[in-house]
Amino acid sequence: MAEGGAVKADKAELTACWNITWKNPYILKLACVAGIGGLLFGYDTGVISGALLYVKQDFESVQKNTFLQEAIVSTCVAGAIFGAALGGYVSDRFGRKKTILVADALFFLGSIVMATAPVPWVIIIGRILVGLGVGMASMTAPLYISEASPARIRGALVGMNGLLITGGQFISYLINLALTTAPGTWRWMLGIAGVPALLQFIFMFFLPESPRWLYKENKVDEATAILEKIYAANEVVSEIKALRESIEEEKEMEASIGKDIFSKLKGAFRDAVVRRGLKAGVTIQVAQQFVGINTVMYYAPTIVQFAGFASNQVALAISLITSGLNALGSIVSMAFVDRYGRRRLMLISLVGVIACLVVLAAVFQQASIHSPAISQSEMQHFGANSTCPAYLKNVNSPKWGCMRCLKVGCAFCANGASQFRPGACLVSSKDLQNACKGEHRLWFKDGCPSKIGFMAVVILALYIIVYAPGMGTVPWIVNSEIYPLRYRGIGGGVAAMANWSSNFIVSVSFLSMTKALTVAGAFLMFAGISVVSLVAIFFLVPETKGLQFEEVEKMLKNGFRPKLFGRRSQAAADNNA
């Protein structure tokens, strides 16, 4: 990826990426090893959704406490917020390579702590450690790949990091499904995450530092040697010249604003180009989370159970399909992000996301309205002491259905003849759950039997299909190329922290939202936020497809206007020139 190399990206398609990396496998090696950070990111996102089902079975305190469930999921994200903030500074101060090594060490340690946790709060400590590693890797890995890639295939290679994220999610669901009958199920699920972290830690020792970071640190010979392996011989001289000019400008800026993180932050917000870059970068990172994707990835099996599928194994198997579609969407993104552009893919993606969320809300609402009724005879079958206390106290209880039963903290044991017929509203306990299942009935705690539940799964799959190629991958690509070199680490750190902060808000509140607003209400709220995101991206985010870094900087310096105002913006730019 040139600062101002001789080769201008004109058609950077996926085929060009394969052709260049086939001729120069060194580039692919750098991208693949650094991209293991994306694999770690994805694995952790996916594995907790399945592990949570079995943690609840082992710890009754977790089963009965929604906030504790949310804490186990979201404390990783909380750690990632600090990891992303710290990663921006550490990568600028000590280098991209060392930052990735520290992230691997934290992730490995956290995995061991989680796998051996005797009580829920130890799991939470492990999740925080993993989060710190994930946060540092989430902004450093794309940055490393971006700075070690020719411009014409930069989008595809950074997009490969997105593919590895979704690939990690898919692998986590496969492992979750494979371990459903293993002793210590969730411990294996969470502990296995340490393996790729250890592998990346080893492989990174044999890879060089980012050539741009080396040049900035006056290690010109090392940087030149790496650039000679990345670029063709006739491109190296122009690349080094452009890089030297960029570094000299950066050093002049550091002399005036200082090198420490607070001085850089102050300088970044004073710089009009960086401010405009941050408006775009932070907007798309926040939008990526607030359209609700990580409610699907963190709670996918739970959402499937909301739709009426009671079995943990069935919920995990269906979730595996959605994860596979997410990985497929990342491949589509790699194929089209450099052909059709970052901005267009995000806007098209959001239109599809909005439509899917609205339909998904409608399906869950209808499933709630038509949930099976409660039968007195069915409850008497299990004995008077088994009936839900709230049901006995409510004068309108004869009008209750399954969904009302679950809302008061009880459980629904389906009718033995058909799960769609009236069933029993019972106290939620392991003894009654075993009694219900012992009669070959289905036990529902998170969702109710529904004839249209499969529709929710179909729409959920469509949501993933339209989300993954655009909003799933592109925000990370844009953030790797929209900031000037002198502020790239800080800018990427701020944007990644915004992403993880938004992720934390969504993941820590989703289960509570489903109780306060219903599942349908929660998804409808995400649809409304998606509309706002669509408008914000249209007006704030420029197209960076195929542009060198200095061209992106010049575009932001002149000021971005969306296509609607394109002629006026161009005229203004011409006058300024």
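Along each chain, residue indices are assigned from 1 in the same order as the chain's sequence is written. Local features in a predicted model are, by the rule used here, given only for residues with pLDDT of at least 70; side-chain atom pairs are given and counted only at 80 or more, and totals for whole chains, interfaces and linings are based on all residues. Hydrogens and water are ignored here; the side-chain numbers use all heavy atoms of the structure.

A.B. asks: Describe the overall build of the chain, naming the residues involved and giving the relevant values.
C.D. replies: Per the convention used, a helix needs a DSSP run of H or I reaching at least four residues, while a strand needs a run of E reaching at least two, with both numbered from the N terminus. Check the secondary structure of the chain and you find 26 helices and three strands. With the radius of gyration taken over C-alpha atoms, the globule rule is written as 2.2 Å times the number of residues to the power 0.38. Against the globule reference of 25 Å for 577 residues, the chain gives a C-alpha radius of gyration of 25 Å, in line with a compact fold. With the C-alpha coordinates of the chain rotated into their principal frame, the extents come out at 85 × 50 × 45 Å. Burial classification: accessible surface area is computed with a 1.4 Å probe over protein chains only, and a residue below 20% of its type maximum counts as buried, one above 50% as exposed, and the rest as partly exposed. The buried share of the chain, reckoned over its 577 residues, is 59%. Every residue pair with non-hydrogen atoms within 4.5 Å of one another is taken to be in contact. The contacts of the chain with a sequence gap of at least 6 include a subset with a gap of at least 24, amounting to 82%. Throughout, the Shrake-Rupley method with a 1.4 Å probe supplies accessible areas, and for residues the shown protein chains are the sole cover considered. Looking at the chain as shown, the accessible area adds up to about 22900 Å², and 64% of this sits on carbon and sulfur atoms. The positive charge centre, built from 52 side chains, and the negative charge centre, built from 36, are 8 Å apart in the chain. All tallies of charge rest on Lys and Arg as positive and Asp and Glu as negative; His and the ends of each chain are not included. The atoms used to mark charge sites are NZ of Lys, CZ of Arg, CG of Asp and CD of Glu.

A.B. asks: Please give an account of the packing of aromatic side chains that cites residues and values.
C.D. replies: Each Phe, Tyr or Trp ring, with Trp reduced to its six-membered ring, pairs with another whose centre is within 6.5 Å; inter-plane angles below 30 degrees give stacked pairs, above 60 give edge-to-face pairs, and intermediate values give tilted ones. Counted under the stated rule, the structure contains 10 aromatic pairs. Ring centres of tyrosine 463 and tyrosine 467 lie 6.1 Å apart, and the angle between their planes is 15 degrees; this geometry places the pair in the stacked category. Taken as a pair, tyrosine 463 and tyrosine 467 lie in helix H22 (residues 453-472) at a separation of four residues, close to a single helical turn. You'll find tyrosine 463 and tyrosine 467 in the same group, each marked buried. Here the aromatic cluster, defined as three or more aromatic residues joined through ring pairs, consists of Phe364, Phe510, Phe523 and Phe526. Here arginine 93 stacks its cationic end above the ring of phenylalanine 94, 5.1 Å away from the centre of that ring. Should the NZ of a Lys or the CZ of an Arg lie within 6 Å of a ring centre and within 35 degrees of the ring normal, that charge is described as sitting over the ring. The residue whose ring lies beneath arginine 343 is phenylalanine 538, and the NZ or CZ to ring-centre distance is 4.9 Å.

A.B. asks: I'd like a description of the pattern of salt bridges, backed by residues and values.
C.D. replies: What makes a salt bridge here is a side-chain nitrogen of Lys or Arg within 4 Å of a carboxyl oxygen of Asp or Glu, nothing more. Summed over all chains, the structure comprises eight salt bridges. With its nearest N and O atoms 3.6 Å apart, the salt bridge here joins aspartate 446 to lysine 56. Of this pair, aspartate 446 sits in the loop between strand S3 (443-444) and H22 while lysine 56 sits in helix H2 (residues 25-58), and the two are 390 residues apart along the sequence. According to the relative accessible area criterion, aspartate 446 is partly exposed, its value standing at 25%. Between glutamate 439 and arginine 441 there is a salt bridge, with its nearest N and O atoms 3.1 Å apart. With relative accessibility at 10%, the residue arginine 441 sits in the buried group. A cluster of three or more residues bridged by salt bridges with shared partners is formed by Asp92, Arg96 and Glu147.

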